[in-house]
Amino acid sequence: MNPQRLQGFAYGTFLALAIGWVLHIGKDVLVPIVFSVLVVYVIVGLAEQLVRLPGIGRSARLRYALSILAIALALAWVAALLAAYASRVVALAPQFQASLLATIQASAERLGLEAMPTWGSLRQDVFGQLNLQRLLGSTVTSVTSIVATLVVVFLYVTFLLLERRAYDSKVGNLSQDPRTVERVHAIVGAINAKIGSYLALKTLISVLLGVVSWAVMAWAGLEFAAFWAVLIALLNYIPYLGSFLGVFFPVVFALMQFGDAASVMAVLVPLALAQMVIGNFLDPWMMSNSLNLSPFVILASLATWSALWGIPGAFLAVPITAVIAMVCAGFAPTRPIAVLLSRNGEV
């Protein structure tokens, strides 16, 4: 092998490992920033759609205010939904407990177990292996971390929206070469257009999937159908794995609530059909390969970013990988990387 190529490969490998290490240890700082950028994309995209409305389109401030208000109302609705369901969970807990115990006992009977499980034995076998103090402590820490992250994201979004006014001036002063400035404008414009289009279409599809799933679960009589619909819509942002989890969680809850196979199948089959139809037909047709990423690259990026950033990384994997591919496509030395990441080799 050419010594220069070997040296370049070694430097590239070291740089990739160093970047991965920095991304991993800096996730508490970087994840809120990336989420903030995506929220800004949503706000800007929604504000641009409001241009079509008479009497609103002329005022940019009004459009942005309405966009932020719409997102705030959606978050408030989700918070109110969770608060309303909290008391209902407590009220229905004995019913779910009895149904789950009956299901476990029926399974034990089919398996030919001599000792029939009871809640006493289950508590001894399951909770005896858990440190409840540590579990409660980690739960409180997680909730506190989520609230703190939301506050930080809100602050970042506010300052990013203020920074947009100086964007053209900053890019214009990056270089004295007009071609360099034009290239930066072109790359950022392509990223804004593709990521904005992806988020808009993905949100529309996720909302549609959530509504269909809610109708299915409400028809089947599943408790907390609205909560599960919101969860399914959110999980749809995770490629491949999100579709599985969007069916798995409601079906497990249906098993706890109903305890009989017919009722569980009444939830499982329609949800799986909805995921299959929307995920395999409607989603590809509407997205129309908007990000031009290879399916293998999407799966590999999902595994990589999940390993680096956990659950937030699963949600952010596709947008981040698409941005990397578009930046690489804008420069000759890194263009081959973009070709390898693309679906059809055209960038």
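Along every chain, residues carry numbers that run from 1 in the direction the sequence is written. Per-residue local features of the predicted model are confined to residues with pLDDT of at least 70, and side-chain atom pairs are confined, for both listing and counting, to 80 or more; whole-chain, interface and lining totals are unaffected and use all residues. The side-chain values count all of the structure's non-hydrogen atoms but skip hydrogen atoms and water molecules.

## Describing the side chain of S301
As a reminder of what qualifies: Secondary structure follows DSSP: runs of H or I at least 4 residues long count as helices, runs of E at least 2 residues long count as strands, and numbering of each begins at the N terminus. The classification of residues rests on relative accessible area computed with a 1.4 Å probe and restricted to protein chains. Under 20% of the type maximum is buried, over 50% is exposed, and intermediate values are partly exposed. Residue contacts follow a heavy-atom distance rule, with two residues in contact if any of their heavy atoms lie within 4.5 Å.
Relative to the elements of secondary structure, S301 occurs in helix α11 (residues 295–309). The class of S301 is buried, set by a relative accessible area of 7%. Ignoring anything within four residues of it in the chain, the contact list for S301 reads S306, A317 and T321.

## Regarding a nonpolar patch on the surface
Our working definition: Each patch groups residues whose relative accessible area exceeds 30% and which form no salt bridge, using 9 Å between like charges and 5 Å between nonpolar side chains of Val, Leu, Ile, Met, Phe, Trp and Tyr. Computed with a 1.4 Å probe, the accessible areas rest on the Shrake-Rupley method; for each residue, only the protein chains presented here act as cover. When a carboxyl oxygen of Asp or Glu is within 4 Å of a side-chain nitrogen of Lys or Arg, the pair counts as a salt bridge.
Among the surface-exposed residues, V29, I33, V37, V152, Y156 and L160 lie close enough to one another that they form a single nonpolar patch of about 410 Å² accessible area. In this fold, Y156 is placed in helix α5 (residues 132–163). Y156 gets classed as partly exposed once you look at its relative accessible area, which sits at 31%.

## Overview of unusual backbone geometry
Here F224, not a glycine, exhibits a phi torsion of approximately 60°, which is positive. Mapped onto the fold, F224 is located in the loop between α7 (178–220) and α8 (225–235). Note on F224: relative accessible area 7%, which makes it buried. Of note, Y240 is a non-glycine position whose phi angle comes to about 65°, a positive value. Along the chain, Y240 turns up in the loop between α8 and α9 (241–257).

## Some details on α11
Our working rule: Here the expected length of a helix is defined as 1.5 Å per residue gap, with one fewer gap than residues. This arc is built from the directions going out from the helix axis to the C-beta atoms.
A rise of 1.5 Å per residue sets the reference length of α11, with its 15 residues, at 21 Å; its end C-alpha atoms lie 21 Å apart and thus fit the reference within 8%. Taken as a whole, α11 has its buried residues at V297, I298, S301, L302, W305, L308 and W309. Projected down its long axis, α11 carries its buried residues within an arc of 140°, all on one side. Structural note: α11 exposes F296 and A307 on the side pointing more than 90 degrees away from its buried face. Taken together, the buried residues of α11 touch α1 (3–25), α2 (27–49), α9, α12 (311–329) and α13 (335–341). A positive backbone phi angle near 70° is found at G310, which sits one or two residues after α11.

## Notes on the pattern of salt bridges
Scanning all chains against the criterion turns up 1 salt bridge. In this structure, E163 and K170 form a salt bridge, with 2.5 Å as the shortest nitrogen-oxygen distance. On the basis of relative accessibility, which here comes to 48%, the residue K170 falls in the partly exposed class.

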